[in-house]
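Next come the chains, spelled out residue by residue.
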Amino acid sequence: MDPRINGFDYRRVTVADGVTLNVAVGGSGPAVVLLHGFPQTHLMWRHVAADLAADHTVICPDLRGYGDSDKPVDLDGTGYAKRTMAADIVALARALGHERFALAGHDRGALVAFRAGLDHPAAISRLALLDVVPTLDMWDVLHGTSAAVAFHLYLMAQPPGLPEELIGGSADAFFGHFLDVWTRDPEALPADVRAAYLRASRNAVTSIVADYRASAGIDVAHDSADRAAGNQLRMPVTVLQQDWGAALGYDAAGVWRAWAPDLEHRTVTSGHFMAEEAPAEVVRTLRALLDR
């Protein structure tokens, strides 16, 4: 059996027609929902969630298409739009009795959280976004040889068929590559956790690719429409990320401030998997946001 978050209850919650999410729930008090990134599952929050559960109800789902959640076939290109995935999370919180909640996301989960903040501002009280660039801006800041760091974005943006075949043929090598090169502290990903991430990703190649493909299509359209309409995140927002501005040559805080007027932007020295490499720092950041 894969590792679990100690002290948390596990259940399955239906969030849309034919879509049920695997979710770990612990603690009591105001609700905080934590969304994982790639190539991971809800387990990435195990340290942070245990701390926050001392005085919050902490909800850690596997996103649709990931982990032990359902992986519906994307029939029309909308199945893994961040708008669809964000609606899942609002429905999940509501099913658990929370009409309003704080939301934190890492990587792909941060893109879902970003869309939830734009689409469901009445439901999201606070928003934390870890180590991501908004989809629309992401494509703008990638250029020249520095874009090689994001080769997977371009691979999974291709039409259905080739990406799934290539990745599925060497799934552990593909997903393991990111677990290896994106961390600065390999001990932060113990063998059993790493094996759980590889198993989950190996069994979700098609849906993971669909999630990424949406970010080269429908997600861009949704972000572009919001930008044109002047829509912004209305709640307090904290962004915690590696120094991508310096690495890719853009004003990272400025990019985020255009979307989030009430912004705190900070950089970290840990690797991408900061909730596992530097959980105490992530907890401090989230608690400071919750107190804003």
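Bear in mind the structure is a predicted one, so any value in this text is a computation, not a measurement. (Residues numbered from 1 in each chain as written. Predicted model: local features only at pLDDT ≥ 70, side-chain atom pairs only at ≥ 80, totals over all residues. Heavy atoms only, no water.)

Visitor: What should I look at first to understand the overall build of the protein in this one?
Guide: Within the protein one finds 14 helices and eight strands. What you see for the protein is a C-alpha radius of gyration of 17 Å, in line with the 19 Å of a compact globule of 292 residues. Across its three principal axes, the protein shows a C-alpha extent of roughly 45 × 45 × 40 Å. Burial analysis of the protein (292 residues in total) assigns 58% to the buried set. Look at the contacts in the protein between residues 6 or more apart in sequence, and 75% of them connect residues 24 or more apart. Placing the 25 positive and 36 negative side-chain charges of the protein at their respective mean positions leaves the two points 4 Å apart. (Helix = DSSP H or I, 4+ residues; strand = E, 2+ residues; numbered from the N terminus. Rg over C-alpha atoms; globule rule 2.2 N^0.38 Å. Buried < 20%, exposed > 50% of the residue type's maximum accessible area, 1.4 Å probe, protein only. Contact = heavy atoms within 4.5 Å. Lys, Arg positive; Asp, Glu negative; His and termini not counted. Charge placed at Lys NZ, Arg CZ, Asp CG, Glu CD.)

Visitor: Would you explain the environment of Ala104 in this entry?
Guide: Within the element layout of this structure, Ala104 appears in strand β5 (residues 101-106). Taking the C-alpha atoms as reference points, Ala104 and Val48, 56 residues apart in sequence, are found 11 Å from one another. Here Ala104 is in contact with Val33, Leu34, Leu35, Trp45, Ala128 and Leu286, once residues within four sequence places are set aside.

Visitor: I'm lost on the side chain of His42 in this one. Help?
Guide: Residue position: His42 is located in the loop between β3 (31-35) and α1 (46-52). In this structure, His42 is in contact with Ile5, Tyr10, Asn22, Ala24, His36, Cys60, Pro61 and Asp62, ignoring residues within four places of it in sequence.

Visitor: Hey, could you run me through the pattern of salt bridges in this one?
Guide: It is possible for side chains of opposite charge to pair when their charged atoms get near one another. With the rule as written, the count across this model stands at 21 salt bridges. We note a salt bridge from Arg287 to Asp51, for which the minimum N-O separation is 3.1 Å. One end of the pair, Arg287, is in helix α14 (residues 279-290); the other, Asp51, is in helix α1, and 236 residues separate them in sequence. For Arg287, a relative accessible area of 23% puts it in the partly exposed group. Look at Asp51 and you get partly exposed, because its relative accessible area is 34%. (Salt bridge = Lys/Arg side-chain N within 4 Å of Asp/Glu carboxyl O.)

Visitor: How do you make sense of the sheet that holds strand β6 (residues 124-130) when you look at a structure like this?
Guide: The strands making up a sheet associate through hydrogen bonds between their backbones, and the pairing can be parallel or antiparallel. In spatial order, the strands read β1-β2-β4-β3-β5-β6-β7-β8; together these eight strands make up an open sheet with mixed pairing. Only two strands of the sheet have a single partner each, and these edge strands are β1 (9-16) and β8 (263-267). Sheet twist, expressed as the mean angle between neighbouring strand axes with direction ignored, is 20 degrees. Here β3 pairs with β5 via four bridges, running parallel. Following the sheet pairing, Leu35 is matched in β5 by Gly105. (Pairing = 2+ DSSP bridges. Axes fitted to C-alpha atoms, helices over the stretch in contact; angles between N-to-C directions.)

Visitor: Before we go on, may I ask you to explain the packing of helix α6 (residues 162-169) against helix α9 (residues 205-214) in this structure?
Guide: In helix packing, the relevant descriptors are the interaxial angle and the interaxial distance, both defined with respect to the helix axes. Two numbers describe how α6 lies on α9: the axes approach to 10 Å, and their chain directions differ by 135 degrees. Between α6 and α9, the angle is such that the two are oblique. Crossing hand, α6 versus α9: right-handed. Residues Pro163, Glu164, Ile167 and Gly168 of α6 form the contact with α9, whose own contacting residues are Val205, Thr206, Val209 and Arg213. Partitioned by chemical class, the residues of the contact of α6 with α9 number four nonpolar, two polar and two charged. (Parallel < 35°, antiparallel > 145°, perpendicular 65-115°, else oblique. Left-handed = near helix turned anticlockwise from the far one by under 90°. Nonpolar A, V, L, I, M, F, W, Y, C, P; charged D, E, K, R; others polar.)

Visitor: Sorry, what's going on with the packing of helix α7 (residues 171-181) against helix α8 (residues 191-202) here?
Guide: Remark: α7 packs on α8, axes separated minimally by 9 Å, with the N-to-C direction vectors making an angle of 135 degrees. Between α7 and α8, the angle is such that the two are oblique. The handedness of the crossing between α7 and α8 is right-handed. Contacts between α7 and α8 involve Ala171, Asp172, Phe175, Gly176, Leu179 and Asp180 from the first element and Arg194, Tyr197, Leu198, Ser201 and Arg202 from the second. A class-by-class count of the residues in the contact of α7 with α8 yields five nonpolar, two polar and four charged.

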